[in-house]
Amino acid sequence: MKIAAVQMISGPDVAPNLETAGRLIAEAAAAGAQLVALPEYFPLIGATDADRLAARETDGAGPMQDFLAATARRHGVWLVGGSIPLRADDPAKLRNSCLVYDPQGERVARYDKIHLFNFRKDDEAYDEAATIERGDQVVSFDSPLGRVGVAICYDLRFPELFRALGELDLLVLPAAFTETTGRAHWEILLRARAIENQCYVLAAAQGGRHPNGRMTHGNSMVIDPWGEVLARMDKGEGLVIAELDRQRLVETRTSLPALKHRIL
């Protein structure tokens, strides 16, 4: 079964980003992908936090959600919709939400990012908690590919989240890692999550220089349960596609049954 990650360099205007995402999803479906994942904030990475706040949608209604449902249905794929800004309980904030649609275009899961990025070094500064209201529930769903867990970007640094998801066959992680932190930690953290949870990891990233000047790390990749990178893309727009081999899952967990050896 083929799985695909879409890599983008999103800008501040929603319409052209949806057009790019739609084109790349179509390419992934044509290549035989049954599950396709988009990157974090695929519809917009704006010049200011106010851009994302202005683009918030009400849960269940809006052009970004309509696009995801219609695109999943059109191509008959499971679509993990990266993340979009949804309205929060706090009217001054948003939820950074990953929505998942089945091949009929029905929404089957919503995950709100739990861990909010905070980073300061030289002239780089990020404080997601200033505008984002964090989620508090881990999320997974069943599919023909097996049990699939969802996390977003900074969540990658917190292994307890993935333990809370239980036994997974596939972990999907949309992200917009900065170049600074991504260059240092992105691959090693992704491979660690695959190894310790003995599952496939599909990481869909933003990757390049955005119109607002921000540089994201890219390196979208597919990793198998042994921690081997099956496919990757450095920078730019495009696709990463690889096979999810259920026999590989079984062999890995049989030869080294680490998930059964957990004590704590």
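Here, every reference points to the structure presented above.
The shown structure was predicted, so the numbers you read here are calculated from the model rather than taken from an experiment.

## A closer look at the overall build of the protein chain
Per the secondary structure count, the protein chain includes six helices and 15 strands. The C-alpha atoms of the protein chain give 17 Å as radius of gyration, which agrees with the globular expectation for 264 residues (18 Å, within 12%). Overall, the C-alpha framework of the protein chain stretches about 50 × 45 × 35 Å when taken along its three principal axes. Put simply, 66% of the contacts in the protein chain that link residues at least 6 apart link residues at least 24 apart. Counting only carbon and sulfur atoms, one obtains 50% of the accessible surface of the protein chain, whose full area is about 10900 Å².

## A word on unusual backbone geometry
Residue Cys 153 is not a glycine yet carries a positive backbone phi of 45°. Checked against the element boundaries, Cys 153 lands in the loop between strand S10 (146-150) and helix H4 (159-164). A residue is classified by how much of its surface remains accessible, and Cys 153, at 8% relative accessible area, is buried. At Gln 198, a residue that is not glycine, the phi angle is positive and equals roughly 45°. Note that Gln 198 resides in the loop between helix H5 (179-197) and strand S12 (200-205).

## Some points on the side chain of Glu 133
For Glu 133, the position within the fold is in the loop between strand S8 (124-127) and strand S9 (139-143). On the basis of relative accessibility, which here comes to 15%, the residue Glu 133 falls in the buried class. Among the polar contacts made by the side chain of Glu 133, one reaches the main-chain amide nitrogen of Asp 89 at a distance of 2.9 Å. In this view, Glu 133 contacts Ala 88, Asp 89, Asp 90, Lys 93, Leu 94 and Arg 95; residues no more than four positions away in its chain are not counted.

## Side note on the pattern of salt bridges
Pairs can form between side chains of opposite charge whenever their charged atoms are close. As enumerated under the stated definition, the model contains 23 salt bridges in all. Of the charged contacts, one joins Arg 232 and Glu 187 as a salt bridge, the two residues approaching to 2.9 Å between their closest N and O atoms. Of this pair, Arg 232 sits in strand S14 (residues 229-233) while Glu 187 sits in helix H5, and the two are 45 residues apart along the sequence. Its relative accessible area of 26% is what places Glu 187 among the partly exposed residues. One connected set of salt bridges, linked through shared partners, spans Asp 59, Asp 89, Arg 95, Arg 107, Arg 110, Asp 112 and Glu 133.

Cut-offs applied
Residues numbered from 1 in each chain as written. Predicted model: local features only at pLDDT ≥ 70, side-chain atom pairs only at ≥ 80, totals over all residues. Heavy atoms only, no water. Helix = DSSP H or I, 4+ residues; strand = E, 2+ residues; numbered from the N terminus. Rg over C-alpha atoms; globule rule 2.2 N^0.38 Å. Contact = heavy atoms within 4.5 Å. Areas by Shrake-Rupley, 256 points an atom, 1.4 Å probe, with all protein chains shown as cover. Buried < 20%, exposed > 50% of the residue type's maximum accessible area, 1.4 Å probe, protein only. Polar contact = N/O pair within 3.5 Å; in protein donor to acceptor, adjacent residues only side chain to side chain. Salt bridge = Lys/Arg side-chain N within 4 Å of Asp/Glu carboxyl O.

Honestly, that's just the spatial picture; any functional story needs more than this.
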